[in-house]
Each structure stands twice: as structure tokens, then as C-alpha cells.
Amino acid sequence: MKNTTGPEDSIFRKKGFFIALYSCLGAVAVLAFVVTFTARNGRGTQGAYEPEDTVYVAADQVESYLAQVDQEAWFRPRNTPEPTPDQPQTPQERPQSTPLPTQDEPTPPIQNGDPPAETPAPEPSTPEPPPAVTPTAETFEPFTECDNLVWPVYGEIVMPFSMTTLVFDPTLDQFRTNDNLRIAAPEGEPVRAGADGRVVAVGNDIRRGNYVKIDHGDGWVITYGQLMENATVSEGDIVRSGQIIGGVGQPSIFGSLDGTHVHLRVTRDDEPVNPYDLLQAREH
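Criteria and cut-off values
- Residues numbered from 1 in each chain as written.
- Predicted model: local features only at pLDDT ≥ 70, side-chain atom pairs only at ≥ 80, totals over all residues.
- Heavy atoms only, no water.
- Helix = DSSP H or I, 4+ residues; strand = E, 2+ residues; numbered from the N terminus.
- Buried < 20%, exposed > 50% of the residue type's maximum accessible area, 1.4 Å probe, protein only.
- Contact = heavy atoms within 4.5 Å.
- Salt bridge = Lys/Arg side-chain N within 4 Å of Asp/Glu carboxyl O.
- Core = buried A, V, L, I, M, F, W, Y, C linked by side-chain atoms within 4.5 Å.
- Pairing = 2+ DSSP bridges.
- Phe/Tyr/Trp six-rings, centres within 6.5 Å; stacked < 30°, edge-to-face > 60°.
- Lys NZ or Arg CZ within 6 Å of the ring centre and 35° of its normal.
- Polar contact = N/O pair within 3.5 Å; in protein donor to acceptor, adjacent residues only side chain to side chain.
- pLDDT = per-residue confidence, 0-100.

A. Summary view of the overall build of the protein chain. The helix and strand inventory of the protein chain stands at 3 helices and 12 strands. For the protein chain, buried positions account for 26% of its 284 residues. For the protein chain, restricting intrachain contacts to residue pairs at least 6 apart in sequence, the fraction spanning at least 24 positions comes to 62%.

Encoded structure:
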């Protein structure tokens, strides 16, 4: 078959090929320009790509635009600037500050020799308390047979002391011995201690009624009975001669017919002693 293609057709074909090639290169160049411009603007402002910064090129202006640009510049590798000595490639890390040791952390040992021994702080001296003063126990002079008793009350003897002769007891309606002295006194009359001594008992029984029992020392003990309910002394108290220890009360059932009186019983080493002899001596 005969080739009908002339030299002009070959020229136009070559020209069309270059036009298409330049058009593609132009589109690539425009796209690269737009990307580069956008990347530079975004690095400084960290903002988005601004539409007004884009260069639009029509298809029929590609050849004239490519004629004005250095086409080979798009294919030459770019030289990356080397960092200067003043600008290190990687940022230097900030030195970390060494934390101070806390109180809980042990102190590192001293390298050159042993650490000096710590001198303990002197303890504050506590003043010694003054020596305790032992209070002197309150005492009394023991009663003796040469001493005289204070009358507990002054009144008539309604029943005498008698350990050898029988006496009549109106309450029991019989004759019997009596180991105490009964002294009549009105109800509420103060009753006084016969001598110095210590209270050893405060109580009540069917025979003596309300009573106070005092140890006067040296074996002498006196019981004061037929008293009011509330005595003015307590067990363990030290009493003095003539001190009020209570008041005359109602008699118990064993002395009801004797009227209000004081039951006075004196013993020496548990043996009954006639109180009247000691009281009588005082009268002289």
C-alpha cells in the first residue's frame, strides 16, 4: 500500500505531540507551584490554603506560560541547605534538674572517711519535784485511869452500873446486873466525848439504839448509845475531849421505860468499868 503521508503531516504530528507534552508539563508545573505555595504559607501561619493565592491558567495559555518559565528548573533537584554551626540539626534536650533529697531518703555515705558521730541534743532538764512531805497522822494522848471523863450529858442516873448487885430494870420488869450507866437527858441534848480518842464504829443495834464507839487508847473504849440517827462524827475521826459527837435520841426497845437518856458503857481491855467512878472523880 502506498504511503500517502507527506512531510507536512509528519511535522504536524510532531508538533501535536509536543503540544500535548507541554500541556501535561504545564499542568504538572502549575500543580507543583500551587502545592509549594500552599505549603509555604501554611508553615508560617498554620492556616488553610487561601483560594485567592492560586494561579489559574487556561488550556490555551499553557504554551505562552511555559515559554516564560524555565522548563528545566522543574526537573533539577533542589539543594537542601546544610545546617549552620549555629543551628543544630536536632534541638538540644533541656538538662534535667537533680531532685533534692527528701527526709525519707538516706543520706549518701561520705567517701573520704567515716561520717562524724552525731552528738545527741541534750535533753531539757526536768526540775525534780520537792520531796513529798508525809503528813503527820493526827494522834491523841491515851486515856489513863488517873484521868477524868467529861460527862456526856448532865442529868439524873436512871439506872446505875452494877456488876455484883442486882438492880431492877423497869423495861424488862426484872432484877439483873447492868454493865453501863444510864443518864437521863432531854431529846436533842448534845452528847460530848469523855476524852480524846478515835472513832472506831458508828452503828445501831436493838439494845443500844444509835451509838458511837470511841477508842481512847491504852485499852480504854467507851460506847455512847441511845443517840439520834445522824451522828456528827464518822468512823476513823479523831475526837477531842468535850467534842460534840451527836444528840440524845429516842431510846431503843430495851430502854423504852427509862425515857430519853444516854447509854454510857466503859471497858478496859474488854472488861466493864464503872463510869461513875471516873466521872465522880471529876466532880472533886
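B. Molecular detail of the pattern of salt bridges. Following the criterion strictly, the structure yields 7 salt bridges and no others. Its salt-bridge partner being D179, residue R265 comes within 2.9 Å of it at the nearest N-O pair. Here the residue R265 occupies a position in strand β11 (residues 261–268), and D179 occupies one in the loop between β3 (174–178) and β4 (181–184), the gap between them amounting to 86 residues. Given a relative accessible area of 24%, R265 falls into the partly exposed group. The closest approach of N and O atoms between R208 and D205, which form a salt bridge, is 2.7 Å. Residue classification places D205 among the partly exposed positions, given a relative accessible area of 22%. Through salt bridges with shared partners, a single ionic network connects D179, R207 and R265.

C. Structural detail: unusual backbone geometry. Here Q226, not a glycine, exhibits a phi torsion of approximately 60 degrees, which is positive. The backbone phi angle of D269 is positive, close to 55 degrees, even though this residue is not glycine. One can find D269 in the loop between β11 and β12 (271–273). Under the relative-accessibility criterion, D269 is labelled exposed at 55%.

D. Structural view of the nonpolar core. If you look at the biggest cluster of nonpolar residues, it comprises 26 residues, and the most contacted ones within it are L149, V191, I214, Y224 and I245. Considering each element in turn, this core owes the most residues, 4 residues, to strand β8 (residues 220–227).

E. Looking closely at the pairing of strand β2 (residues 162–169). Bridge analysis of β2 against β3 gives 4 bridges, and the strand direction is antiparallel. Bridge pairing in β3 places F168 opposite F175. The loop that links β2 with its antiparallel partner β3 comprises 4 residues; one of these, D173, has a positive phi angle of about 55 degrees.

F. Region of the structure containing the environment of A185. As for its placement among the helices and strands, A185 is situated in the loop between β4 and β5 (190–192). In sequence terms A185 and G247 are 62 residues apart; their C-alpha atoms lie 9.9 Å from each other. Among all residues touching A185, those that are not within four sequence positions of it are V153, V248, T260 and H261.

G. Fine view of the side chain of S252. Here S252 shows up in the loop between β10 (244–247) and β11. Each residue touching S252, except ones within four places of it in the same chain, is listed here: I206, R207, R208, G209 and Q226.

H. Representation of the packing of aromatic side chains. Summed over the entire model, instances satisfying the criterion amount to 4 aromatic pairs. Between the aromatic rings of W151 and Y154, the centroid separation amounts to 6.2 Å while the plane-to-plane angle is 25 degrees, which identifies the pairing as stacked. On the accessibility criterion, W151 (8% relative accessible area) is buried. Chaining the aromatic ring pairs together yields one cluster made of W151, Y154 and Y276. Of note, R208 hangs over the ring of Y211, and the distance from its end group to the ring centre comes to 4.2 Å.

I. Highlighting the environment of A184. Considering the arrangement of structural elements, one finds A184 in strand β4. Each C-alpha atom, one on A184 and one on T260, is 6.1 Å from the other, the two residues being 76 residues apart in sequence.

J. Geometry of the side chain of N180. Note on placement: N180 falls in the loop between β3 and β4. Side chain to side chain, N180 and H263 meet in a polar contact 3.5 Å long. Excluding residues that lie within four positions of it along the chain, N180 makes contacts with M159, P160, F161, R207, H263, L264 and R265.

K. Spotlight on the confidence of the model for the protein chain. Scored by pLDDT, the protein chain has a mean of 77; 57% of the residues are at 70 or more. With pLDDT under 50 throughout, residues 44–52 is counted as low confidence; its partners more than four residues away or in other chains account for 6 contacts.

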